[in-house]
Each structure stands twice: as C-alpha cells, then as structure tokens.
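Residue-level structure breakdown
For reference, the chains in residue letters:
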Amino acid sequence: MTDGMPEMTSLERTALYKSLGNPLRRRILEYLGRHGEANSTVLARELGESSGTTSYHLRKLAEQRLIEEIPEKSGGRERWWRALPFRHTTPDPATMTPDEYAAAAQLAHLKIEFDTELYRRAHQEYRGPDGWAQVQRHGTWMTREELRDFMRDYQALLDRYGHPREEAPAGARPLQMRYYAVPEAAEDRDGEPTGP
C-alpha cells in the first residue's frame, strides 16, 4: 500500500517495480532527491544522456506520481521537476500475478546489491555511537501483532525525526536507513517452543 494514496492495482505495481528497476529512472530519482529539482536539460548534462531521453523518463515517472512538475518554474518547453514523497509496501508475493512477481523480484535483486554496499559502508565509516554511520543488531522475541506495532512505531519515529529535503534544518544530511526483521528458521531453534 502507499501512504496517502489509493491502493494500487497489480498492473500499477508491476509498472512501478519496472520503473524503479530502470537504471536511468533510478538515477533521475536519486538526482532529484539530492538536488531537489531539475529539468531534462540539466539531467541530460549530469547523467550523460540526451534531453529527449531524460524528458521521456521524466514524463513516465510523473505518470506514476513519483515526481511532479514545478509549475512556477516551468514555461513553454522547459519543464522543471521535483520528487514527491513516496512510501510503498510490497504485498504478499503469494497474491502477485506472475508479471508483478517477476518485476518485484528483479527490483529486489537490485536493492540487495545496493543495500549490501550500504552495509559495508556503515561498518567502514562507523566512528562510534556519536558518528554519522550507525550499526545496530538485535535479537528478541515478539508476536506477529507486536512486530506490526513495532513497525508502526518505527515508521512514526522516522516521521518524527526525519525531514523532507526542503524542510531539513542546517547541518542535516541525507541518510540511507534500512530495517529488517526476520524470524529464525525453525531448524535453528534446537527444539525451542515457537509459541502459539
């Protein structure tokens, strides 16, 4: 589901996963995330593409409500764009169509490579509990309901302490944060009870 947006159909999610898996579209979104705004000419220059190519991909990203035009800066053929806030939770793979699952799996593969590099950097750049790079690892027991509550609280903390780029206070830096919760495999529990 997407926060503040209507539920997406399988076809819409498939198109979203394919867009997010497109290398140029990812680079466009990353550029807009770092710099706030751009037009096709700026993106062409910065990303080494033609303005026709970046213009096409900008329109496709706008169709999926990942970016929007900045009307006060746009005029004639020159259109300026900014990224929109976006949150998405992938549905249960068992409910996906084969096309949607394939697109989601391809995107997940790309994310794993990116996240693995972030994990390495977090360890390399760690300078203690007061530094910018932080690493935490924990193990605990929770019920499924408690895990759901924890996820809601985790998101509320991100909302409380995080800022959109345009509202970030002086000294703020963009941060990449990841959270994973994975139950231990039953065979690793050495006969421990799994609970009700």
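Below is a short write-up of the structure. (Residues numbered from 1 in each chain as written. Predicted model: local features only at pLDDT ≥ 70, side-chain atom pairs only at ≥ 80, totals over all residues. Heavy atoms only, no water.)

1. Digging into the side chain of Glu-100
Checked against the element boundaries, Glu-100 lands in helix 5 (residues 98-125). Setting aside chain neighbours within four positions, we find Glu-100 in contact with Ser-10, Arg-13, Thr-14, Tyr-17 and Pro-91. (Helix = DSSP H or I, 4+ residues; strand = E, 2+ residues; numbered from the N terminus. Contact = heavy atoms within 4.5 Å.)

2. Considering the pattern of salt bridges
Going through the model one piece at a time under the given rule, you end up with twelve salt bridges. Between Glu-69 and Arg-79 there is a salt bridge whose closest N-O contact spans 3.0 Å. Residue Glu-69 is found in strand 2 (residues 67-69), and its partner Arg-79 is found in the loop between strand 2 and strand 3 (80-83); the two are separated by ten residues along the sequence. Take Glu-69: its relative accessible area is 27%, and that puts it in the partly exposed class. (Salt bridge = Lys/Arg side-chain N within 4 Å of Asp/Glu carboxyl O. Buried < 20%, exposed > 50% of the residue type's maximum accessible area, 1.4 Å probe, protein only.)

3. A short note on the nonpolar core
As a rule of thumb, nonpolar side chains are buried together in soluble globular proteins. With 23 residues, the main nonpolar core has Leu-16, Tyr-17, Ile-28, Ala-38, Leu-43, Leu-58 and Ile-67 as its most contacted residues. Elements with a minimum of two residues in this core: helix 1 (10-21), helix 2 (23-35), helix 3 (40-47), helix 4 (51-63), strand 3 and helix 5. In terms of residues, this core owes the most to one element, helix 2, which gives four residues. Discounting chain neighbours no more than four positions away, the residues touching Ile-67 are Leu-29, Leu-32, Leu-58, Leu-61, Ala-62, Trp-81, Arg-82, Ala-83 and Leu-84. (Core = buried A, V, L, I, M, F, W, Y, C linked by side-chain atoms within 4.5 Å.)

4. Digging into the sheet that holds strand 1 (residues 38-39)
Each strand in a sheet pairs with its neighbour through backbone hydrogen bonds, running either in the same direction (parallel) or in the opposite one (antiparallel). Pairing within the open sheet is antiparallel, and its three strands lie in the order 1-3-2. Every other strand in the sheet has two partners, leaving strand 1 and strand 2 as the edge strands with one partner each. As judged from the three bridges shared by strand 2 and strand 3, these two strands associate in the antiparallel manner. What sits directly across from Glu-68, in strand 3, is Arg-82. Helix-sheet contacts for helix 4 involve strand 1, strand 2 and strand 3, and the interaxial angle to strand 2 is about 110°. (Pairing = 2+ DSSP bridges. Axes fitted to C-alpha atoms, helices over the stretch in contact; angles between N-to-C directions.)

5. Side note on the packing of aromatic side chains
Applying the stated criterion to the full structure yields two aromatic pairs. Taking the centre distance of 5.6 Å and the plane angle of 35° together, the rings of Phe-150 and Tyr-179 count as tilted. Here Phe-150 is found in helix 6 (residues 144-161), whereas its partner Tyr-179 is found in the segment after helix 6, with 29 residues between them in sequence. With a relative accessible area of 35%, Phe-150 lands in the partly exposed category. Assessed through its relative accessible area of 29%, Tyr-179 is described here as partly exposed. Between Tyr-154 and Tyr-179 the ring centres are 4.9 Å apart and the planes differ by 35°, which places this aromatic pair in the tilted class. Pair noted here: Tyr-154 is in helix 6 and Tyr-179 is in the segment after helix 6, with a separation of 25 residues, a long-range link. Of the aromatic side chains, those joined through ring pairs into one cluster are Phe-150, Tyr-154 and Tyr-179. We note Lys-73 situated over the ring of Trp-80; from NZ or CZ to the ring centre the distance is 4.0 Å. When the ring centre of Trp-132 is taken as origin, the NZ or CZ atom of Arg-173, which lies over that ring, is 4.8 Å away. (Phe/Tyr/Trp six-rings, centres within 6.5 Å; stacked < 30°, edge-to-face > 60°. Lys NZ or Arg CZ within 6 Å of the ring centre and 35° of its normal.)

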